[in-house]
Amino acid sequence: MPTLAIAAESPLQDEVRDLVAELNAALLALTPPEFCFHMSVEEMAGDDTTVFVARADGRAVACGALKRHAGGIGEVKRMYTRPSHRGHKIGALIVERIESLARAEGFARLVLETGDRHPAAWTVYERAGFTRCGPVLDYPDSQWSVFYEKALK
């Protein structure tokens with residue numbers, strides 16, 4: 001395994017834009033567009049969001065973000081690991097970083113929406129202590145979505 005580093009970075013870099021484009025394509029291959037809740041890299045660059053990028057030997061290979069909401073709720077967003085780097089628990093490490101930041105900022109709860117055809121993602125979240133729940137935030141209840149939550153306090 002190459003040397004891995006995870007840090008908060010701007011999503012407005014070509015390498016991160018490429019990761020997000022791969023993520024969007026992967027999601028659209030499995031889910032109708034109207035049930036894909038993408039954040040653009042410009043939205044990810046907002047003050048309410050912190051983006052973590054995993055780099056293997058300096059190359060961006062995975063990402064994930066914490067989006068802040070009112071009421072002490074943080075949302076896990078834009079989780080993606082390139083196929084070439086899956087199986088090394090990089091997603092789990094990014095979720096740990098997101099949770100650590102959310103705890104440091106005093107959030108009471110983390111939530112997320114993922115697709116109904118993403119069992120690898122479910123495994124990452126369940127191993128991190130998330131449990132399935134009903135719809136969160138303003139997401140519609142649909143057959144295409146699976147929702148998770150984790151209490152932090």
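Throughout what follows, the structure given in this document is the object of discussion.

Calculation notes
- Residues numbered from 1 in each chain as written.
- Predicted model: local features only at pLDDT ≥ 70, side-chain atom pairs only at ≥ 80, totals over all residues.
- Heavy atoms only, no water.
- Core = buried A, V, L, I, M, F, W, Y, C linked by side-chain atoms within 4.5 Å.
- Buried < 20%, exposed > 50% of the residue type's maximum accessible area, 1.4 Å probe, protein only.
- Helix = DSSP H or I, 4+ residues; strand = E, 2+ residues; numbered from the N terminus.
- Contact = heavy atoms within 4.5 Å.
- Pairing = 2+ DSSP bridges.
- Axes fitted to C-alpha atoms, helices over the stretch in contact; angles between N-to-C directions.

Next up on the list: the nonpolar core. Membership of the largest hydrophobic core comes to 23 residues, with the highest contact counts inside it found for Val76, Ile94, Ile98, Leu110, Tyr125 and Phe130. Sorting elements by how many residues they give to this core places helix H3 (residues 90-104) first, with five residues. The contacts of Ile98, once residues within four sequence positions are left out, are Phe52, Gly64, Ala65, Leu66, Val76, Met79 and Leu110. Among the nonpolar cores identified, the runner-up in size contains 13 residues, and Val16, Leu23, Met44 and Cys63 belong to it.

Bringing the sheet that holds strand S3 (residues 59-69) into the picture now. An order of S1-S2-S3-S4-S5-S7-S6 is seen for the seven strands of this open sheet, with the pairing classed as mixed. Of all the strands in the sheet, just strand S1 (4-8) and strand S6 (131-133) have a single pairing partner and so form its edges. Each strand axis lies, on average, 25 degrees off the axis of its neighbour in the sheet, ignoring direction. Judged from the three bridges that link them, S6 and strand S7 (residues 145-151) form a sheet pairing that is antiparallel. Note on S7: the bridge partner recorded for Arg132 is Tyr148. Sitting on the sheet, H3 is in contact with S1, strand S2 (49-56), S3, strand S4 (73-81), strand S5 (109-115) and S7, with an inclination near 30 degrees to S3.

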